[in-house]
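Residues per chain, in single letters:
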Amino acid sequence: MYTEKVMDHFSNPRNVGEIENANGVGEVGNASCGDIMKIYLQVEGDIIKDVKFKTFGCGAAIATSSMVTELAIGKTLDEALVLTNQAVAEALDGLPPAKMHCSNLAADALHEAIKDYKAKNS
Ligand code: FES
């Protein structure tokens, strides 16, 4: 049912935790299942130097959180802003159709964190 990449990121999630003194934080929730994802950014100049996440959610939500952190690190803010939930799911070699809604949290939380950073630093 799940791809090897999903199982890998679920079993060994990358970049779990918080960033002390994060300069951008984003949180989104899924109203239907109640899951919550929080993303912390450390931005220097225009580059995302570090990303960490905390997710209270299903395995697919944890795997997509983990993948979005890997995709975002090293990107410029504008590059990260165009990362889509679909791109995160594709980077995991896909999700079962019933779990696609879980991937909707990942890029959204990242985008919220970037917006938070921009609001605080404009
Ligand atoms: Fe809630 Fe997957 S069931 S995000």
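Here's a quick rundown of the structure. Since we're looking at a predicted model, the values are computed, not measured.

**Here's the deal with the overall build of the chain**
Then, number 1: Looking only at helices and strands, the chain features five helices and three strands.
Then, number 2: When the helices and strands of the chain are listed from N to C terminus, the series reads α-β-β-β-α-α-α-α.
Then, number 3: A compact globule built from 122 residues would reach a C-alpha radius of gyration of about 14 Å, and the chain, at 13 Å, matches this within 12%.
Then, number 4: In the chain, buried positions account for 46% of the 122 residues.
Then, number 5: Residue pairs at least 24 apart in sequence account for 61% of intrachain contacts in the chain once pairs closer than 6 positions are excluded.
Then, number 6: Within the chain, the 17 negative side-chain charges are centred at a point lying 2 Å from the centre of the 11 positive side-chain charges.

**Some remarks on the side chain of Thr 55**
Then, number 1: Along the chain, Thr 55 turns up in strand 3 (residues 47–56).
Then, number 2: One polar contact links Thr 55 to Ser 65, side chain to side chain, over a distance of 2.7 Å.

**Considering the pattern of salt bridges**
Then, number 1: Enumeration over the complete set of coordinates arrives at eight salt bridges.
Then, number 2: The closest approach of N and O atoms between Lys 54 and Glu 18, which form a salt bridge, is 2.4 Å. One end of the pair, Lys 54, is in strand 3; the other, Glu 18, is in the loop between helix 1 (4–11) and strand 1 (24–29), and 36 residues separate them in sequence.
Then, number 3: Lys 54 sits in the partly exposed class, given a relative accessible area of 39%.

Criteria and thresholds
Residues numbered from 1 in each chain as written. Predicted model: local features only at pLDDT ≥ 70, side-chain atom pairs only at ≥ 80, totals over all residues. Heavy atoms only, no water. Helix = DSSP H or I, 4+ residues; strand = E, 2+ residues; numbered from the N terminus. Rg over C-alpha atoms; globule rule 2.2 N^0.38 Å. Buried < 20%, exposed > 50% of the residue type's maximum accessible area, 1.4 Å probe, protein only. Contact = heavy atoms within 4.5 Å. Lys, Arg positive; Asp, Glu negative; His and termini not counted. Charge placed at Lys NZ, Arg CZ, Asp CG, Glu CD. Polar contact = N/O pair within 3.5 Å; in protein donor to acceptor, adjacent residues only side chain to side chain. Salt bridge = Lys/Arg side-chain N within 4 Å of Asp/Glu carboxyl O.

Treat this as a map of the structure, not an account of what it does.
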